[in-house]
Each structure stands twice: as C-alpha cells, then as structure tokens.
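Breakdown of the fold
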Amino acid sequence: MTDTDLITLRNLGKTSVQWLRATGIHDAAELRRRGPVAAYCAVRARGFRASRTLLFAIAGALQDVHWNRLDPEYKQQLLDELEQRQEP
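Residues numbered from 1 in each chain as written. Predicted model: local features only at pLDDT ≥ 70, side-chain atom pairs only at ≥ 80, totals over all residues. Heavy atoms only, no water.

As recorded in an unreviewed UniProt entry, the protein goes by TfoX C-terminal domain-containing protein and comes from Halopseudomonas formosensis.

Right under this line is the structure:
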C-alpha cells in the first residue's frame, strides 16, 4: 500500500483526506504507520470536528473494507484504545 494517494482508499472522501493531510499524513504508508487511532486523534487535535465514524473509516481504509463491515470487536478495540489515549 505504500505511496498510495489517500483519496484512492475506500471510505476516505475529500474532506477526510484534507484533514489527514493537514496533520502530515499524505499517503497510505504514513496512515498505516500511525494507525487509525493516532491518525484520528491527530485530526481532532488540529481542531477538526470529526466524529468517531472517521476513526472507523480510517480503520476500514487500511483493511480495504467499508467501515460498516468492520468486525464489532475490532470497533470496540479501537474505541477502547481511543478512550485510553484521552484519559487525563
């Protein structure tokens, strides 16, 4: 997946790609390196009002599946990791 433009990834639209690029994520390799939770947190830290759907969209993009088709246990794992990152 290296060097793949973000806009070609499943689930990611123009706005999502703009947000990711604003955080320094310009290709699929960087997105994969950071992972879905870190990428989502970076978008939120920049002040963008992204919902948790973006978290799932990123995770699905990395697996090349629609975010609605992600395993529910995996979604919960992502939410748990997100919660751990957000604790004081």
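1. Some remarks on helix H4 (residues 52-63)
Between its terminal C-alpha atoms H4 stretches 17 Å, which fits the 16 Å expected from 12 residues at 1.5 Å a residue. Counting buried residues in H4 gives 9 out of 12 residues, a clear majority hidden from the surface. Among all positions of H4, only Leu-54, Leu-55, Phe-56, Ala-57, Ile-58, Ala-59, Gly-60, Ala-61 and Leu-62 are buried. Of the surrounding secondary structure, the elements contacted by the buried residues of H4 are helix H1 (14-22), helix H2 (28-34), helix H3 (36-45) and helix H5 (72-86). One or two residues past the end of H4 sits Asp-64, with phi positive at roughly 60°. (Helix = DSSP H or I, 4+ residues; strand = E, 2+ residues; numbered from the N terminus. Expected span 1.5 Å × (residues − 1). Buried < 20%, exposed > 50% of the residue type's maximum accessible area, 1.4 Å probe, protein only. Contact = heavy atoms within 4.5 Å.)

2. A short note on the pattern of salt bridges
Going through the model one piece at a time under the given rule, you end up with 5 salt bridges. Here Arg-10 ties to Asp-64 by a salt bridge, and the two come within 3.4 Å at their closest N and O atoms. Residue Arg-10 is located in the segment before H1, and its partner Asp-64 is located in the loop between H4 and H5; the two are separated by 54 residues in the primary sequence. Looking at Arg-10, the relative accessible area reads 40%, which means it is partly exposed. The residue Arg-33 makes a salt bridge to Glu-30 at a minimum N-O spacing of 2.7 Å. Here Arg-33 pairs with Glu-30, and both are found in helix H2, just 3 residues apart, close to one helical turn. (Salt bridge = Lys/Arg side-chain N within 4 Å of Asp/Glu carboxyl O.)

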